[in-house]
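Chains, contacts and geometry: an overview
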Amino acid sequence: MWNGVIPMDTSYIEKHIEQLKNDIYQKVHQKTLVKYTGNPLVDENQLFYLLLPFFNGEFWNDDIYKGIIAVGIVQASLAKHNLVDEYNATTKEQQLTVLSGDYYSGRYYEILAKSGNISLIRQLSESVILRSEHEVRVYEPIPYAIDDWFESLSVIESECISRFYQIYNFNKYAKIMQHHLLILRLQNELLNYRKGNSSLILQKMIESFESGNSIQFEQMLQTKIDELIHQLQELLRISSMKAELKQYIAEQLIRES
């Protein structure tokens, strides 16, 4: 799999993302859980950023690949837990959703324990704690500012991958990854807002917005997205990444807009 000699294009990138997704599914497959809760929730954009160093020709081996599978499982575990209905967590499906998240957690610890990668276990554990602290903000009576909520969303979307980058000295990709994943999350939040289906964290953002005007809030959110896109474009311009990867990310921005 790890042959970077093949010319890289969109199909090459998507092929490896799909392979990683399937490898994650295989590691956590459990017949009953799949029947009631479906496959793990994996974000292909997050998988792309886990594979980005490989795509750009960084040193890569099976131990690193096991690490990104573990990170993918961590994020699938957190995504499953986030699906639990806070008002109706007593149905069989809801209970099995919690169980599936716990099961995935056990599997990623097992993978890392077998590899002896104590550093990654520590970093991922810390990232889960930090991410959970930011997610729990929606239940706190503290009046956080809008920028605090942007920070929380960034941590939620990218902290696990940031820790993976730290372990393997891939930090040069962090800012691009953080900007892009935050853009994606904000675009999704804005889309749901326009459909009248706001998340808890977006409701808190609205409460924190100085003006109660919904149109002004929407404009503020769109302005933030545009600002982040401009910053990401500049990061790509000065990056030493392969041109094909810059183009791929730029094309994703066009699709998302």
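Refer to the structure presented above.
Residues numbered from 1 in each chain as written. Predicted model: local features only at pLDDT ≥ 70, side-chain atom pairs only at ≥ 80, totals over all residues. Heavy atoms only, no water.

**Quick look at the overall build of the protein**
Heads up, the rule is: Helix and strand labels come from DSSP, where a helix needs a run of H or I of at least four residues and a strand needs a run of E of at least two; each type is numbered from the N terminus. Burial classification: accessible surface area is computed with a 1.4 Å probe over protein chains only, and a residue below 20% of its type maximum counts as buried, one above 50% as exposed, and the rest as partly exposed. We call two residues in contact whenever any of their non-hydrogen atoms come within 4.5 Å of each other.
Scanning the protein from N- to C-terminus turns up 11 helices and zero strands. Sequence-ordered secondary structure for the protein, helices as α and strands as β, is α-α-α-α-α-α-α-α-α-α-α. The 257 residues of the protein split such that 48% are buried. Put simply, of all contacts in the protein between residues at least 6 apart along the chain, 72% involve residues at least 24 apart.

**Considering the nonpolar core**
Short version of the rule: Each nonpolar core is a collection of buried residues, namely Ala, Val, Leu, Ile, Met, Phe, Trp, Tyr and Cys, held together in the definition by side-chain atoms within 4.5 Å.
By size, the foremost hydrophobic cluster in this structure holds 72 residues, and its most contacted members are Phe 48, Tyr 49, Phe 164 and Tyr 165. Per-element accounting of this core gives the leading share, 10 residues, to helix H8 (residues 174-194). Dropping the residues within four chain positions of it, Tyr 165 is found in contact with Tyr 49, Leu 52, Pro 53, Phe 170, Asn 171, Tyr 173, Ala 174 and Met 177.

**Quick notes on the pattern of salt bridges**
The condition that has to hold: Throughout this description, the term salt bridge denotes a Lys or Arg side-chain nitrogen within 4 Å of a carboxyl oxygen of Asp or Glu.
For the structure shown, the criterion picks out 12 salt bridges. Among the ionic contacts, a cluster of salt bridges with common partners joins Glu 18, Lys 21 and Glu 44.

**Brief notes about the packing of helix H3 (residues 44-55) against helix H7 (residues 146-167)**
The angle between the axes and the distance between the axes are what describe a pair of packed helices. Basically, it comes down to this: Throughout, an axis means a line fitted to C-alpha atoms (over the contacting stretch in the case of helices), and angles, computed between N-to-C directions, take values from 0 to 180 degrees. Roughly parallel here means an angle under 35 degrees, roughly antiparallel means over 145, roughly perpendicular means 65 to 115, and every remaining angle is called oblique. Should the near helix be turned anticlockwise from the far one by less than a right angle, the crossing is termed left-handed; should it be turned clockwise, right-handed. Nonpolar residues are Ala, Val, Leu, Ile, Met, Phe, Trp, Tyr, Cys and Pro. Charged residues are Asp, Glu, Lys and Arg, and all others, Gly as well, are polar.
One way to put it is that H3 packs onto H7 with a least axis distance of 11 Å and a crossing angle of 15 degrees. By the criterion of interaxial angle, the relationship of H3 to H7 is roughly parallel. Where H3 crosses over H7, the two elements pack in a sense that is right-handed. Residues Gln 46, Tyr 49, Leu 50, Leu 52 and Pro 53 of H3 touch H7, and the partners they reach there are Glu 157, Ile 161, Phe 164 and Tyr 165. Tallied by class, residues from the contact of H3 with H7 come to seven nonpolar, one polar and one charged.

**Structural notes on helix H6 (residues 118-135)**
Turn by turn, an α-helix covers 3.6 residues, leaving residues three or four places apart pointing in a common direction. Quick note on the threshold: Multiply 1.5 Å by the residue count of a helix minus one, and that product is the helix's expected span. By construction, the arc corresponds to the directions joining the helix axis to the C-beta atoms.
Compared with the 26 Å implied by 1.5 Å per residue over 18 residues, the 26 Å span of H6 between its first and last C-alpha is a close match. What H6 keeps buried is the set Leu 120, Ile 121, Gln 123, Leu 124, Ser 127, Val 128, Arg 131 and His 134. Considered in projection along H6, the buried side chains sweep an arc of 165 degrees and stay on one side of the axis.

**Quick notes on helix H10 (residues 214-238)**
An ideal rise of 1.5 Å per residue puts 36 Å on 25 residues; H10 measures up with 37 Å between its terminal C-alpha atoms. Of the positions making up H10, those classed as buried are Phe 217, Met 220, Leu 221, Lys 224, Ile 225, Leu 228, Ile 229, Leu 232, Leu 235 and Leu 236.

**Considering the side chain of Lys 224**
Positionally, Lys 224 belongs in helix H10. Relative accessible area serves as the criterion here: at 18%, Lys 224 is assigned to the buried category. Non-local contacts of Lys 224, meaning those with residues more than four positions away in its chain, are made with Phe 150 and Leu 186.

**Considerations on the packing of aromatic side chains**
What counts here: Two rings from Phe, Tyr or Trp (for Trp, the six-membered ring) form a pair when their centres are within 6.5 Å of each other. A pair whose planes differ by under 30 degrees is stacked, one over 60 is edge-to-face, and the rest are tilted. Our definition puts a charge over a ring when NZ of Lys or CZ of Arg is within 6 Å of the ring centre and also within 35 degrees of the ring normal.
Taken as a whole, this structure holds 16 aromatic pairs when the rule is applied. Judged by centre distance (4.9 Å) and plane angle (35 degrees), the rings of Phe 48 and Tyr 248 are tilted. Residue Phe 48 is found in helix H3, and its partner Tyr 248 is found in helix H11 (residues 243-256); the two are separated by 200 residues along the sequence. For Tyr 248, a relative accessible area of 8% puts it in the buried group. For the ring pair Phe 209 and Phe 217, a centre distance of 5.6 Å and an interplane angle of 70 degrees mean the geometry is edge-to-face. Judged by relative accessible area, which is 1%, Phe 217 ranks as buried. Here the guanidinium or amino end of Arg 137 rests over the ring plane of Tyr 144, the centre of that ring lying 4.4 Å away.

**Brief notes about a nonpolar patch on the surface**
The following threshold applies: Nonpolar side chains (Val, Leu, Ile, Met, Phe, Trp, Tyr) within 5 Å and like charges within 9 Å form the patches, drawn only from residues with over 30% relative accessible area and no salt bridge. Note on areas: Shrake-Rupley, 1.4 Å probe, and residue coverage restricted to the protein chains presented here.
Taken together, Val 136, Tyr 139 and Leu 200 make up a surface patch of nonpolar side chains, about 270 Å² in accessible area. Relative to the assigned elements, Leu 200 resides in helix H9 (residues 200-208).

**Quick notes on unusual backbone geometry**
With the exception of glycine, the majority of residues adopt a negative phi angle, and the majority of peptide bonds are in the trans configuration. Even without glycine at this site, Asn 169 takes up a positive phi of about 60 degrees. Along the chain, Asn 169 turns up in the loop between H7 and H8.

**Some thoughts on the side chain of Arg 185**
Our working definition: Pairing of N or O atoms within 3.5 Å defines a polar contact, subject to two protein rules: one partner must be a possible hydrogen donor and the other a possible acceptor, and residues neighboring in sequence count only if both atoms are side-chain atoms.
Looking at the secondary structure, you find Arg 185 in helix H8. Taking the relative accessible area as the measure of exposure, Arg 185 reaches 18% and is therefore buried. Here the side chain of Arg 185 touches Glu 189 through a polar contact of 2.8 Å, side chain to side chain.

**A closer look at the environment of Leu 153**
When you line up the elements, Leu 153 lands in helix H7. Leu 153 gets classed as buried once you look at its relative accessible area, which sits at 0%. Those residues within four positions of Leu 153 in sequence are excluded, and the remaining contacts are Leu 182, Arg 185, Leu 186, Ile 201 and Met 205.

Bear in mind that shape data such as this cannot, by itself, settle questions of function.
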